[in-house]
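Close look at the chain arrangement
In case you want the letters, here they are:
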Amino acid sequence: MSRRIREDISISLFGPKMITVTLFLVLFYFHDQLGYSEAQLQFGFYSETCPSAESIVRDVVQHAVTNDPGKAAVLLRLQFHDCFVEGCDGSILIKHGGNDDERFAAGNAGVAGFDVIDEAKSELERLCPGIVSCADIVALAARDAIAEAKGPFYEVPTGRRDGRIANVGHATNLPDVQDSINTLKSKFREKGLSDQDLVLLSAGAHTIGTTACFFVIPRLDAQDPTINPEFFHILRSKCPQGGDVNVRIPLDWDSQFVFDDQILQNIKNGRGVILSDSVLYQDNSMKKIIDSYLETNQSSKANFAVDFVKAMVKMGAIGVKIGVEGEIRRLCSATN
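Just so it is clear, the model here is predicted, and its values are computed rather than measured.

**Some words on the overall build of the chain**
Scanning the chain for helices and strands turns up 12 helices and five strands. Buried residues in the chain amount to 53% of all 336 residues. Within the chain, residue pairs in contact and separated by at least 24 positions form 71% of the contacts whose partners lie at least 6 positions apart. Carbon and sulfur atoms make up 50% of the accessible area of the chain, which totals about 14800 Å².

**Some thoughts on unusual backbone geometry**
Phi is positive for Glu 86, close to 65 degrees, though the residue is something other than glycine. Looking at the secondary structure, you find Glu 86 in the loop between helix 2 (71-83) and helix 3 (114-127). The backbone of Gln 223 shows a phi angle near 55 degrees, a positive value even though the residue is not glycine. Structurally, Gln 223 is set in the loop between helix 7 (217-221) and helix 8 (229-238).

**Concerning the packing of aromatic side chains**
To describe a pair of aromatic rings, you give the distance between the ring centres and the angle between the ring planes. The full count for this structure, using the stated rule, is 10 aromatic pairs. Between Phe 80 and Phe 188, the aromatic rings sit 6.1 Å apart at their centres with planes inclined by 45 degrees, giving tilted as the arrangement. Of this pair, Phe 80 sits in helix 2 while Phe 188 sits in helix 5 (residues 181-189), and the two are 108 residues apart along the sequence. You'll find Phe 80 and Phe 188 in the same group, each marked buried. Plain terms: the ring middles of Phe 259 and Phe 304 are 5.4 Å apart, the flat faces sit at 25 degrees to each other, and that makes the pair stacked. Taken as a pair, Phe 259 in the loop between strand 5 (248-250) and helix 9 (262-268) and Phe 304 in helix 12 (residues 304-315) lie far apart in primary sequence, 45 residues in all. Comparing Phe 259 with Phe 304 shows no difference in burial state: the two are buried. Geometry around Phe 114 places Arg 103 over its ring, the cationic atom sitting 3.9 Å from the centre.

**So, the nonpolar core**
Leu 93, Ile 117, Leu 264, Phe 308 and Met 312 are the most contacted members of the largest nonpolar core, which totals 80 residues. Every residue in contact with Ile 117, bar those within four places of it in the chain, is listed here: Leu 75, Leu 78, Leu 93, Ile 137, Val 138, Ala 141 and Cys 332. Counting residues in hydrophobic clusters, the runner-up holds 14 residues, among them Cys 213, Leu 220, Ile 227 and Ile 249.

**Looking at the confidence of the model for the chain**
Per-residue confidence for the chain gives a mean pLDDT of 88, with 88% of residues at or over 70. Low pLDDT (under 50) marks residues 1-39, which in the prediction has 86 contacts with non-local residues, meaning those over four places away or in another chain.

**Some remarks on the environment of Gly 113**
Relative to the helices and strands, Gly 113 resides in the loop between helix 2 and helix 3. On a C-alpha basis, the gap between Gly 113 and Leu 76 in space is 9.2 Å, while along the polypeptide they are 37 residues apart.

**Remarks on the pattern of salt bridges**
According to the stated counting rule, one finds 19 salt bridges in the structure shown. As a salt-bridge pair, Asp 115 and Lys 71 come within 3.1 Å of each other at their nearest N and O atoms. In this pair, Asp 115 sits in helix 3 while Lys 71 sits in helix 2, placing the two residues 44 residues apart along the sequence. Relative accessible area serves as the criterion here: at 46%, Asp 115 is assigned to the partly exposed category. Residues Lys 301 and Asp 261 are paired through a salt bridge, measuring 3.8 Å at the closest nitrogen-oxygen approach. A residue pair is termed long-range when its members are at least 10 positions apart, and Lys 301 in the loop between helix 11 (284-292) and helix 12 and Asp 261 in the loop between strand 5 and helix 9 qualify at 40 residues. Residue classification places Lys 301 among the partly exposed positions, given a relative accessible area of 29%.

**What to know about the environment of Asn 269**
If you trace the backbone, Asn 269 turns up in the loop between helix 9 and helix 10 (275-278). Looking at Asn 269, the relative accessible area reads 38%, which means it is partly exposed.

About the cut-offs
- Residues numbered from 1 in each chain as written.
- Predicted model: local features only at pLDDT ≥ 70, side-chain atom pairs only at ≥ 80, totals over all residues.
- Heavy atoms only, no water.
- Helix = DSSP H or I, 4+ residues; strand = E, 2+ residues; numbered from the N terminus.
- Buried < 20%, exposed > 50% of the residue type's maximum accessible area, 1.4 Å probe, protein only.
- Contact = heavy atoms within 4.5 Å.
- Areas by Shrake-Rupley, 256 points an atom, 1.4 Å probe, with all protein chains shown as cover.
- Phe/Tyr/Trp six-rings, centres within 6.5 Å; stacked < 30°, edge-to-face > 60°.
- Lys NZ or Arg CZ within 6 Å of the ring centre and 35° of its normal.
- Core = buried A, V, L, I, M, F, W, Y, C linked by side-chain atoms within 4.5 Å.
- pLDDT = per-residue confidence, 0-100.
- Salt bridge = Lys/Arg side-chain N within 4 Å of Asp/Glu carboxyl O.

Pasting the structure below:
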């Protein structure tokens, strides 16, 4: 039986104006045939067993992002990649010593932030040993990273348990920057995510962070006609033919360290940096979703921050392990 949980969540947007909105969020029931379990996460799961859990994670993330603003995007991406393989169970953190772990999959190239998770886990184990899962730390760290980038702060349902399996072979179907729009839609739908979630969690999440020229050069070499001509020359100057493929460039050219909806305007204007962002505006249904966030009429304009939070909470419930499933790891990089 599906379980609907109605919660009032206060979201503060960190910007010139502080605004508060109330969301009514639903934790979705995921059908077994799609590989999901019923999400029975709770807000404030650690309120009695480890009351300072969320503040500990927040302090660690704040310190990390203050020292390196790029960490915000890294931690956001870490949760996305964790949830898309084996569900949101911290499996991407496991490192057995070889190259057959999930984190070494081609689709996980460049995924990082493990040091931040390990630091938070170490402090939590010191104060509340065996209580807080690594999977929950990943979800909380992503939330706190978004807030540090002047994005929305929102309540995260917790109670996930850690998975015991981390197999590189299970990470072969991650969304890829070279995927067609139909392939991207299919991969998101397999996880119970909608086309709107695709816009928000893929393109929307690229409001912060960078990518490597490795992922951009093929578009430039192919003279991709969807790239704004002026922007093409800018990209080519940063990623020349035969140049260093490891050079990093912003995904959101105008505000790479600030969470906002500028990335959607960029995509509409042909200034999407990677192909998987640009193809969204070539599809009529996705185009309508993007345009809904760029409406000049405020009364009809969709709220990007609010919808992004809904998508993050929805994604964070994919394939969660609860109750007696999985374990609570002592070290995030190793199963017990």
